[in-house]
Amino acid sequence: MTTGPAKLARNSESNSETNSKTKLANKLVNKLATKPSYTSIDYGVTLLRLSLGVMWIAHAMLKLLVFTLPGTAEFLSVSDTPVFWRIRCLPLNLAAGSPCCSACTPDR
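Cut-offs applied
- Residues numbered from 1 in each chain as written.
- Predicted model: local features only at pLDDT ≥ 70, side-chain atom pairs only at ≥ 80, totals over all residues.
- Heavy atoms only, no water.
- Helix = DSSP H or I, 4+ residues; strand = E, 2+ residues; numbered from the N terminus.
- Contact = heavy atoms within 4.5 Å.
- Areas by Shrake-Rupley, 256 points an atom, 1.4 Å probe, with all protein chains shown as cover.
- Expected span 1.5 Å × (residues − 1).
- Bend = angle between axes of the 7 residues up to and from the residue.
- Buried < 20%, exposed > 50% of the residue type's maximum accessible area, 1.4 Å probe, protein only.
- Phe/Tyr/Trp six-rings, centres within 6.5 Å; stacked < 30°, edge-to-face > 60°.
- Axes fitted to C-alpha atoms, helices over the stretch in contact; angles between N-to-C directions.
- Parallel < 35°, antiparallel > 145°, perpendicular 65-115°, else oblique.
- Left-handed = near helix turned anticlockwise from the far one by under 90°.

Colleague: I'd love a proper account of the overall build of the protein chain, names of residues and values included.
Modeller: When helices and strands are counted, the protein chain shows 4 helices and 0 strands. Going residue by residue from the N terminus, the α and β elements of the protein chain occur as α-α-α-α. Restricting to contacts in the protein chain with at least 6 residues of sequence separation, those with at least 24 account for 79%. Counting every atom, the protein chain has about 8,600 Å² of accessible surface; 68% of that belongs to carbon and sulfur.

Okay, here's the thing in structure tokens:
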């Protein structure tokens with residue numbers, strides 16, 4: 001069994017390693033336990049996402065409920081829109097708006 005300065009040196013090295021690991025663990029726990037602080041940029045992005053999502057959904061509902069599908073198809077055929085886009089017009093508008101509205105939480 002070793003006694004004296006060698007044992008004290010080993011003990012102090014292991015204590016410093018333990019202290020650094022404990023400090024690192026405490027920092028991690030504190031970081032995970034605190035709530036994120038949202039800035040005005042986060043809220044601005046949220047507002048932009050929400051407003052664009054509502055705009056796309058309202059645009060699709062206008063085509064569906066006001067102009068109806070035959071009216072929208074007639075307008076698109078008069079304006080020389082390709083058939084490929086005429087068929088996909090309404091679903092694409094809804095598909096563009098839904099993710100914008102569902103991803104409205106500010107996150108980091």
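Colleague: Go over helix α4 (residues 83–102) with me, naming the residues and quoting the values.
Modeller: When the terminal C-alpha atoms of α4 are compared, their 30 Å separation across 20 residues agrees well with the 28 Å that a helix rising 1.5 Å per residue should span. At C89, α4 shows its largest kink, close to 50°, and the proline P91 lies no more than four residues downstream. Regarding α4, the residues found buried are C89, L90, N93 and G97. Close packing links the buried residues of α4 with α2 (40–66) and α3 (68–78).

Colleague: Tell me about the packing of aromatic side chains, residues and numbers included.
Modeller: In total, this model carries 1 aromatic pair according to the counting rule given. Judged by centre distance (5.0 Å) and plane angle (80°), the rings of F84 and W85 are edge-to-face. For W85, a relative accessible area of 44% gives the class partly exposed.

Colleague: Go over the side chain of T81 with me, naming the residues and quoting the values.
Modeller: Summarising the element assignment, T81 is placed in the loop between α3 and α4. The exposure class of T81 is buried, given its relative accessible area of 18%. In this view, T81 contacts L76 and R86; residues no more than four positions away in its chain are not counted.

Colleague: Outline the packing of α3 against α4, supporting the account with residue identities and numerical values.
Modeller: Running from N to C, α3 and α4 cross one another at 135°; their axes reach a closest spacing of 10 Å. One finds that α3 runs oblique with respect to α4. Like other packed secondary-structure pairs, α3 and α4 cross with a definite hand, here right-handed. Where α3 abuts α4, its residues L69, A73, L76 and S77 lie against R86, C89 and L90.

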